[in-house]
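# Structural overview for review
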Amino acid sequence: MYLTDEEKDMLESDNPAVRKAMKLLVKLGDIYGAEEMVEIASAQASGVSYKSIGDPGIMFLKEFADEGAQVSVPTFANPAGMDLNKWKDMHISEDFAEKQKQIIEAMKRMGITISSSCTPYLWSNLPTRNEHIAWAESSAVSFANSVIGARTNREGGPSALAASITGRTPKYGLHLDKNRVPTHVVEVDADLNSISDFGALGSWTGRKVEDGKPYFVGVDSAGTDKLKSLGAAMAASGAVALYFVEGITVDPMEVQGLERIKFTERDKKEEYRSLTESEDPDLVVFGCPHCSINEIENIAKKLEGKTLDKDLWVFTSKAVEAWSDRMGYTDIIEKAGGKVFSDTCNVVCPIEKMNYGKMGTNSGKAANYLPGFCKQKVMFADTDDLIDKVLK
Ligand code: F3S
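A quick note: this is a predicted structure, and the numbers were derived from the prediction, not measured.

### Details of empty space enclosed by the protein
Under the counting rule described, the total for this entry stands at 1 cavity of 30 Å³ or more. Estimated volume of the largest cavity: approximately 50 Å³. Taken together, I195, D225, K228, S229, G287, C288, P289, E295, N362 and S363 form the lining of the largest cavity. Broken down by secondary-structure element, the contributors of at least two residues to the lining of the largest cavity are α8 (224–237) and β9 (283–291). Split by residue class, the lining of the largest cavity holds 3 nonpolar, 4 polar and 3 charged.

The structure is reproduced here in structure tokens:
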């Protein structure tokens, strides 16, 4: 692989963390046949939750920070395993909290912004079209590539961290024009009204196209919340990192001769059915991906003046939580008996240790992950239906 003088210097750097980071990226580039590196504008660090990385992860991060690892581009952290302030309200154990804090401290020492969210594009880190970035969380990767038109592969924790330190990533995969073309046309012949309808479409499509790049036709409208739901579900049931929606996202460069598949009303209903194992949730969760302020407003309006019979948790970023507090939405949700948490999410917090076994979600991604990662029986449904299920 061709390396600039600056990149060669990084391979020989006195700083062991820089040396290791560049070595890892060169190796990755060699594996994927990259001809050169590309400079990146930002990175997203994953592997933040203690549940995901455990003690070996803590040891690695501490050692890396001790060796002088410092990010050289804006780098935002993915969700942690708990709300960093309100973790006791989540029934998190002291031991877990202590370990989680060690991870956060090590990341802070490296200069990573402890945003602890999978939706950095909603409040701070908004890439530009064609900008090269190295992001790691699959729903954010999908949103950045597809809706914004930035360029990132689906990085793993170590490669995203190495990219954040060097400011480089190997130029292969979705950094190249030739790989940013659709593989399937998905004809949508179903009504898509809610966030969960888009989750159902995403879950169905991800299974069909696996790591392909679907081009959706027949979708009349879709805002940010629906697109983030669609992309998240496709990245969970399949490994889709780039998709196109006719007239809504960036246009595909070529659509001739592609395999065509059709999503019908019947497929939609079947997706809801197959993702639901229990219709009696003892906890309803919203915010996978993390809720926008609009989603929280809708939840608060639905809960205003009501009382919940079961638990209801809303997950979001710290920034959006602050707006929710200011607008009085958090207060409304809490008065009804619900909670608003930030910094973490329904999948990466240790929910399986919290005496819940049946969870309701409006997220196609969560509905795919909760049974395996969190040992939960899922009810996959629309926001309103889920709230109705757990009201007194
Ligand atoms: Fe985000 Fe966690 Fe869902 S990282 S996309 S809220 S599984």
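### Considerations on the site of the ligand
Close to the ligand lie P79, C118, E137, S139, G287, C288, P289, C345, V347 and K365. More than half of the atoms of the ligand fall within 2 Å of the grid points belonging to the largest pocket. Looking at the shell around the ligand element by element, the count peaks at 3 residues for β9. Grouping the amino acids of the shell around the ligand by side-chain chemistry returns 6 nonpolar, 2 polar and 2 charged.

### Notes on the layout of surface pockets
The space that makes up the largest pocket amounts to roughly 560 Å³. As for the largest pocket, its lining consists of 26 residues, and the residues nearest its centre are N78, E137, V348, K365 and Y369. Of all the secondary structure elements, the ones that give two or more residues to the lining of the largest pocket are α3 (50–66), α5 (138–148), β9 and α13 (364–374). When grouped by side-chain class, the residues that make up the lining of the largest pocket number 11 nonpolar, 10 polar and 5 charged. Taken as a whole, the second largest pocket encloses approximately 320 Å³ of empty space. Lining the second largest pocket are 15 residues, with N153, R154, G173, L174 and A241 sitting closest to its centre. Taken together, the residues of the lining of the second largest pocket sort by class into 7 nonpolar, 4 polar and 4 charged.

### Section: helix α7 (residues 195–209)
Helix length check: α7 (15 residues) gives 21 Å between terminal C-alpha atoms against 21 Å at 1.5 Å per residue, within 8%. Burial of α7 is extensive: 13 of the 15 residues sit out of reach of the surface. Remark: E210 follows α7 within two positions and exhibits a positive phi of approximately 55°.

### Structural notes on α8
Taking 1.5 Å of rise per residue, 14 residues should cover 20 Å, and α8 covers 20 Å from first to last C-alpha, within 8% of that figure. The set of residues buried in α8 consists of D225, L227, K228, S229, L230, G231, A232, A233, M234, A235, A236 and S237.

The rules behind the values
- Sequence positions are assigned chain by chain, starting from 1 and proceeding in written order.
- Per-residue local features of the predicted model are confined to residues with pLDDT of at least 70, and side-chain atom pairs are confined, for both listing and counting, to 80 or more; whole-chain, interface and lining totals are unaffected and use all residues.
- Only heavy atoms go into the side-chain values, all of them from the structure, while hydrogens and water stay out.
- Both cavities and pockets are sets of points on a 1 Å grid over the protein atoms alone; in a cavity a 1.4 Å probe fits but cannot get out, in a pocket the set is open with protein on both sides within 12 Å along at least five of seven lines, and lining residues sit with an atom within 4 Å of a point.
- Grid points are joined across faces, edges and corners, and a volume is the space filled by probe spheres set on the points.
- Helix and strand assignments follow DSSP, with helices taken as H or I runs no shorter than four residues and strands as E runs no shorter than two, numbered in order from the N terminus.
- Only Asp, Glu, Lys and Arg are considered charged, only Ala, Val, Leu, Ile, Met, Phe, Trp, Tyr, Cys and Pro nonpolar, and every remaining residue, Gly among them, polar.
- Distances are taken per atom, and a residue is near a molecule or strand as soon as one of its heavy atoms is within 4 Å of it.
- Molecule-in-pocket calls rest on the fraction of atoms, with more than half required to lie within 2 Å of the cavity or pocket grid points.
- To estimate how far a helix should extend, the number of its residues minus one is multiplied by 1.5 Å.
- Each residue is assigned to one of three classes by its accessible area relative to the maximum for its type, calculated with a 1.4 Å probe on protein chains only: buried under 20%, partly exposed between the two thresholds, exposed over 50%.

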